[in-house]
Amino acid sequence: MKKIVLSLIAFAAFGSAAAIETLTSPDSQIKLTFDLTPEGAPEYSVTYKGKAIVKPSTLGFTLKDDAPLIDRFKQGKVTYSSTDETWVPVWGENDSIANRYNEMTVPLSQKAGGKTRKMNIVFRAYDDGVGFRYVFPRQSTKEFTITDELSQFALTGDHTAWWIPGDYDTQEYKYTRSRLSDIRATSEGARMHNLSQTGFSPTGVQTSLMLKTDDGLYINLHEAALIDYPAMHLNLDDSTMTFTSWLTPDINGDKAVVTTPFKTPWRTIMVSDKATDILASDLILNLNDPCVIDDTSWIHPTKYMGVWWEMITNKSSWAYCDAENFDLATFDYSKATPNGRHGANNENVKRYIDFAADAGMDQLLVEGWNIGWEDWSGKEKEYVFDFLTPYPDFDIDSLNAYAKSKGIKLMMHHETSGSIPNYEKYIDRAYDLMNRYGYDAVKSGYVGNILPKGENHYNQKSVRHYLECVKKAADKHIMVNAHEAVRPTGLCRTYPNLVGNESACGTEYQSFGGLPTAHVTILPFTRLQGGPMDYTPGIFRMNISEFAPGNTSHVNSTVANQLALYLTMYSPLQMAADFPEHYAEKADAFQFIKDVPVDWSKSVYLDAEPGEFIVVARKDKKSENWYVGGVNAEEPREFILDLDFLDPGKNYEATIYSDTDDAHYLTNPEAYQITRRKAGAESRIKLHMAPGGGFAISLKEI
Ligand code: NOJ
Ligand code: CA
């Protein structure tokens, strides 16, 4: 690892008329300037290749019962440093990551009420964007209660945006593509129903927010290293096209209580004239701290199946019986009449174990294994699960032993139903139970309103909880995949046992009325910026009513599109979400899911446009083989794939899984073809991508 840090004392100014400070990216294409306004307000702006990206924008806070940290600042000695290093992730899209940036620290102080308050702002410029954070040094004020963070992002025009409505509780929304000026009018219509949702403004949106200017620049706004602080949303002033940060409030309506010394998360602005650069950016990971887990040998990328899609489609149930409104502490399951639909029963779980083991999967998720599901959702009930007691027809001991005998593990499921106090009460025992039976991965979930009543999914207290679970899990060598938790901000660099999150509409929404075809061409630009998503791809039967009577939803995707998702939706945790019998029907296509790796030495984004298509090539970490995936939205597309990313002089056997000419996500979604040919770095492959279609290719070295 190479690391050069040079510190230069740049300029010292006290009082008014501080000089403008400039920070430049290592390749000199991005410039950030900082100054204090005549009122002493901190202000920054950003340009890319000479074009304004962020116009002068002010930074600061309002505080409870205290003067605001907005203006009347004095600037101290500004310091600069540079870093050029590479680091090795435990898992990832690439086996090493370059972290090259220039940094500028602006020390600020302000006199208020006889006290001097100190607030530094640290800026970093990378070749793919900038980040800044507030740092409150140790000072006489021990605690600040923040009522608003006012970080502005003054944009240069009425850009095109891919956005979901601002919400304190859910990111499970379909994306809207609109001009910034149309957010206000379309926001209410964009708010699909969720069991827990709390909007705050008709021009509020969530991050990561993807933008495109009329002259073809791609801009992305997000945050990195969200620790002990509420999640940041953005609120647009659509008369000036200026976004201001909008934090998720706590139960009292305050935004955050911070104890000095304290660092806020980074606010990030990615920019490029190439869409593929946004997908390939490591900015968010680089702004997070290095891994703090000494021994990471137990953390492993994982491919899994699940007793899951059958509950999601309502073919079977999580619940064992049909009781309702009961107290878990006194309910007697031995006297209950089974409903005959319980998915997690011994026989069915064994059937999945057999198939998953034969297919070379690492794990099998089983949901509905534990008592409490009869009375769990939307009830705001505190004691809803104990995470310890299996249903009478789920023999935890023998099923784990059976899985082990077949060379796979069961994956644990902890649905909390939003009752954080209850989960915190049981979590040690729940993780110990996992250790006892040999589970090393848990999918957790926070469906419904957070308890105690009045708390939200994305406020400071909840954010603290999610990370505490990840840390505790690390101590017990457990990997975590949390659904409905706060969206990720690159913390998987520091805690690589955080192998997945949901925090967006995943495949389950194909069973709840369907997803637009563009969805999977937007997620990598937005949700995936902060970390991998447990999207749960691999659905092979698109007409759900054929196997789950009464569910009229349709999976808006072709089979080839489903295969491509294993490449385009990067994750070290990938599910093969469909049923064994559906995979048996299409064993030739399932071969790709069996083959596709979940860890990579190199990734090359070949072409992309948000809302339209994404094509990416990845090299297996354990072999010389390459895999390519392309997903397409509504318009049919002919794509010429140039294989010049392959190692020159090597020969490969290409197996191409693609849409047939007449495939279509609605009318002919299961039509695919598989062709084989020899290929090398000089080859080009012509591919047809159907509406809602795509392709997946394995390139095995000969
Ligand atoms: C919502 C999750 O996203 C889904 O995957 C899970 O099956 C249900 N909650 C039940 O926990
Ligand atoms: Ca969910």
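Since the model is a prediction, treat every value here as computed from it, not as a measurement.

**Student:** What exactly am I supposed to notice about the layout of surface pockets here?
**Tutor:** One water molecule sets the probe size; rolling that probe over the atoms shows where empty space is left. Of the pockets and cavities examined, the largest pocket occupies roughly 760 Å³. Lining the largest pocket are 43 residues, with Leu195, Trp318, Trp376, Ser377 and Val447 positioned closest to its centre. Broken down by element, the lining of the largest pocket gets its largest block of residues, 3 residues, from strand β28 (residues 441-445). Here the lining of the largest pocket is built from residues that sort into 15 nonpolar, 16 polar and 12 charged. Estimated volume of the second largest pocket: approximately 480 Å³. Considering the residues around the second largest pocket, the lining is formed by 30 residues, among which Glu93, Asp282, Leu285, Cys492 and Tyr570 are closest to the centre. Per-class residue counts for the lining of the second largest pocket are 20 nonpolar, 7 polar and 3 charged.

**Student:** What exactly am I supposed to notice about empty space enclosed by the protein here?
**Tutor:** The final tally for this structure, using the stated rule, is 4 cavities of 30 Å³ or more. By volume, the largest cavity amounts to about 220 Å³. Lining the largest cavity are 22 residues, with Tyr466, Leu467, Val470, Val486 and Leu498 positioned closest to its centre. Taken together, the elements giving at least two residues each to the lining of the largest cavity come down to α7 (420-437), β28, α8 (460-475), β29 (479-483) and β30 (498-501). Considering every element that reaches the lining of the largest cavity, the biggest residue donor is α8, with 5 residues. Split by residue class, the lining of the largest cavity holds 17 nonpolar, 4 polar and 1 charged. Considering only enclosed or pocket space, the second largest cavity measures out at about 80 Å³ in volume. Residue lining of the second largest cavity: 14 residues in total, with Gln510, Thr517, Val520, Asn556 and Asn561 positioned closest to the centre.

**Student:** Where do I start with the sheet that holds strand β7 (residues 66-69) in this structure?
**Tutor:** Strands pair in a sheet through their backbones, by hydrogen bonds, and they do so in one of two ways: parallel or antiparallel. Taken in spatial order, the 4 strands make up an open sheet running β7-β6-β13-β22, and their pairing is antiparallel. Taken across any chain shown, the strands that pair with only one partner, and hence form the sheet edges, are β7 and β22 (256-259). In this sheet, neighbouring strand axes are inclined to one another by 35 degrees on average, regardless of whether the strands run parallel or antiparallel. Of the pairings in the sheet, the one linking strand β6 (residues 61-63) to β7 comprises 2 bridges and is antiparallel in character. Paired with Leu63 across the bridge in β7 is Asp66.

**Student:** Whenever I open this one, the nonpolar core confuses me. Can you help?
**Tutor:** In globular proteins that are soluble, nonpolar side chains generally tend to be buried together. Grouped together as the largest cluster of nonpolar side chains are 207 residues, with contacts concentrated most on Tyr44, Phe123, Phe243, Ile269, Leu364, Phe394 and Tyr431. Considering each element in turn, this core owes the most residues, 8 residues, to α7. Judged by nonpolar contacts, the second largest core, of 21 residues, contains Val615, Tyr652, Ala654 and Leu699.

**Student:** Even after reading the chapter, I still don't get the pattern of salt bridges, so can you show me in this structure?
**Tutor:** A side chain with one charge may pair with a side chain of the opposite charge, provided their charged atoms come close. Counted under the stated rule, the structure contains 42 salt bridges. Via salt bridges that share partners, Arg541, Glu546, Glu585, Lys586 and Glu670 belong to a single interconnected network.

**Student:** What is the right way to read the environment of Ala357 from this model?
**Tutor:** Among the structural elements, Ala357 can be located in helix α5 (residues 346-358). Residue classification places Ala357 among the buried residues on the basis of a relative accessible area of 18%. Put simply, Ala357 and Thr526 are 169 residues apart on the chain and 34 Å apart in space, counted from C-alpha to C-alpha. What Ala357 contacts, discounting residues up to four positions off in sequence, is Lys406 and Ile408.

Each value, and the rule that gives it
- Residues numbered from 1 in each chain as written.
- Chains lettered and ligands numbered in written order.
- Predicted model: local features only at pLDDT ≥ 70, side-chain atom pairs only at ≥ 80, totals over all residues.
- Heavy atoms only, no water.
- 1 Å grid on protein atoms, 1.4 Å probe; cavity = no way out; pocket = protein on both sides within 12 Å on 5 of 7 lines; lining within 4 Å.
- Points joined across faces, edges and corners; volume = space filled by probe spheres on them.
- Helix = DSSP H or I, 4+ residues; strand = E, 2+ residues; numbered from the N terminus.
- Nonpolar A, V, L, I, M, F, W, Y, C, P; charged D, E, K, R; others polar.
- Pairing = 2+ DSSP bridges.
- Axes fitted to C-alpha atoms, helices over the stretch in contact; angles between N-to-C directions.
- Core = buried A, V, L, I, M, F, W, Y, C linked by side-chain atoms within 4.5 Å.
- Buried < 20%, exposed > 50% of the residue type's maximum accessible area, 1.4 Å probe, protein only.
- Salt bridge = Lys/Arg side-chain N within 4 Å of Asp/Glu carboxyl O.
- Contact = heavy atoms within 4.5 Å.

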